[in-house]
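Examination of the molecular architecture
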Amino acid sequence: TQPQGGLQAGDFVLFHAAAGGVGLIACQWARALGLRLIATAGSEDKLRRAKALGADETVNYTHPDWPKEVRRLTGGKGADKVVDHTGALYFEGVIKATANGGRIAIAGASSGYEGTLPFAHVFYRQLSILGSTMASKSRLFPILRFVEEGKLKPVVGQVLPLEAAAEGHRLL
């Protein structure tokens, strides 16, 4: 299957905060598409999890120089494509970790909605920034094929007895 959305096999893709549910599936998805995935997370345990599910490289985003590490891992150029759902707190680093001509998809703002945007990086380096929430239903079918082929597997965080389902609101 050929990557979609301007992705090409061999692209460096950075998934920022990759240890959540969406990020862990993204690790497997990137592997299935032949992309070179760099996953960021805030702890060694989360980085190990992302690596086990397909990330080629991992970077701890709590380190102040994490964008420089992304650039080092990409031979100095930065990530071709970036998916970020953290928002304000790390956005300046996301910009700095992106390659010239790179694309950033913002899919959320868990750390805040208003951040600093270093405009010079955007226009001198010709970055594209786009917002994204959900794709159309037609984009789901290629993903389901990966599930059917065993290339995407659900990540189970916890198994509970059926009786606990009725009390689920107390578990969160």
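These notes cover the structure that comes with them. (Residues numbered from 1 in each chain as written. Predicted model: local features only at pLDDT ≥ 70, side-chain atom pairs only at ≥ 80, totals over all residues. Heavy atoms only, no water.)

1. Quick notes on the pairing of strand 3 (residues 57-60)
Formally: One requirement defines pairing of two strands: DSSP has to find at least two bridges between them. Secondary structure elements follow DSSP: runs of H or I no shorter than four residues count as helices, runs of E no shorter than two count as strands, and numbering proceeds from the N terminus. For a crossover, the right-handed case is the one in which the path from the first strand over the helix to the second runs clockwise, viewed with the strands pointing away from the viewer.
Alignment of strand 2 (residues 36-41) against strand 3, held across four bridges, turns out to be parallel. If you follow I38 over to strand 3, its bridge partner there is E57. The parallel pair strand 2 and strand 3 is bridged by helix 2 (residues 44-52), and the resulting crossover is right-handed.

2. Quick notes on the nonpolar core
What counts is decided by this rule: Throughout this description, the term nonpolar core refers to a set of buried Ala, Val, Leu, Ile, Met, Phe, Trp, Tyr and Cys residues connected via side-chain atoms within 4.5 Å. Buried, partly exposed and exposed residues are distinguished by accessible area as a fraction of the type maximum, computed with a 1.4 Å probe on protein chains only: under 20%, between the cut-offs, and over 50%, respectively. The criterion used for residue contact is that any of the two residues' heavy atoms lie within 4.5 Å.
Of all hydrophobic cores here, the largest spans 19 residues; its most connected members are L14, I38, W66 and V70. Elements with a minimum of two residues in this core: strand 1 (12-15), helix 3 (66-73), strand 4 (79-84) and helix 4 (91-97). With four residues, the top contributor of residues to this core is helix 4. In contact with L14, not counting residues within four places along its chain, are I38, T40, W66, V70, A79, K81, V82, V83 and A97. Counting residues in hydrophobic clusters, the runner-up holds 15 residues, among them V13, L35, L37 and A55.

3. Examining the environment of F12
Considering the arrangement of structural elements, one finds F12 in strand 1. Classification of F12 as buried rests on a relative accessible area of 11%. Sequence separation between F12 and K77 is 65 residues, and the spatial gap between their C-alpha atoms is 9.6 Å. Each residue touching F12, except ones within four places of it in the same chain, is listed here: R36, I38, L73, T74, K77, G78, A79, D80 and K81.

4. Some words on a nonpolar patch on the surface
Note the following rule: Patch membership requires over 30% relative accessible area and the absence of a salt bridge. Like charges are linked within 9 Å, and nonpolar side chains (Val, Leu, Ile, Met, Phe, Trp, Tyr) within 5 Å. Every accessible area reported is derived by Shrake-Rupley at a probe size of 1.4 Å, with residue values counting cover from the shown protein chains alone. Salt bridges, as used here, are contacts in which a Lys or Arg side-chain nitrogen is within 4 Å of a carboxyl oxygen on Asp or Glu.
On the surface, L140, F141, I143, L144 and V147 cluster together to form a nonpolar patch covering roughly 410 Å² of accessible area. Judged by relative accessible area, which is 34%, I143 ranks as partly exposed.

5. Remarks on the pairing of strand 4
Counting buried positions along strand 4 yields five of six residues, so the element is predominantly enclosed. Pairing of strand 1 with strand 4, which is carried by three bridges, proceeds in the parallel orientation. Within the sheet, the bridge partner assigned to V13 lies in strand 4 and is K81. Across five bridges, strand 4 lies against strand 5 (residues 98-106) in parallel orientation. In the sheet register, V82 faces strand 5, and the bridge partner there is I104. For the crossover from strand 4 across helix 4 to strand 5, the handedness is right-handed.

6. Structural notes on the pattern of salt bridges
Applying the stated criterion across every chain yields a total of seven salt bridges. R72 is the partner of E69 in a salt bridge, and the nearest nitrogen-oxygen pair spans 2.7 Å. Of this pair, E69 and R72 both sit in helix 3, three residues apart, which is roughly one turn of the helix. Look at E69 and you get partly exposed, because its relative accessible area is 28%. The exposure class of R72 is exposed, given its relative accessible area of 54%. Between E92 and K96 there is a salt bridge whose closest N-O contact spans 3.2 Å. Placement of the pair is E92 and K96 together in helix 4, with a separation of four residues, close to one helical turn. Overall, E92 belongs to the partly exposed group, its relative accessible area being 33%.

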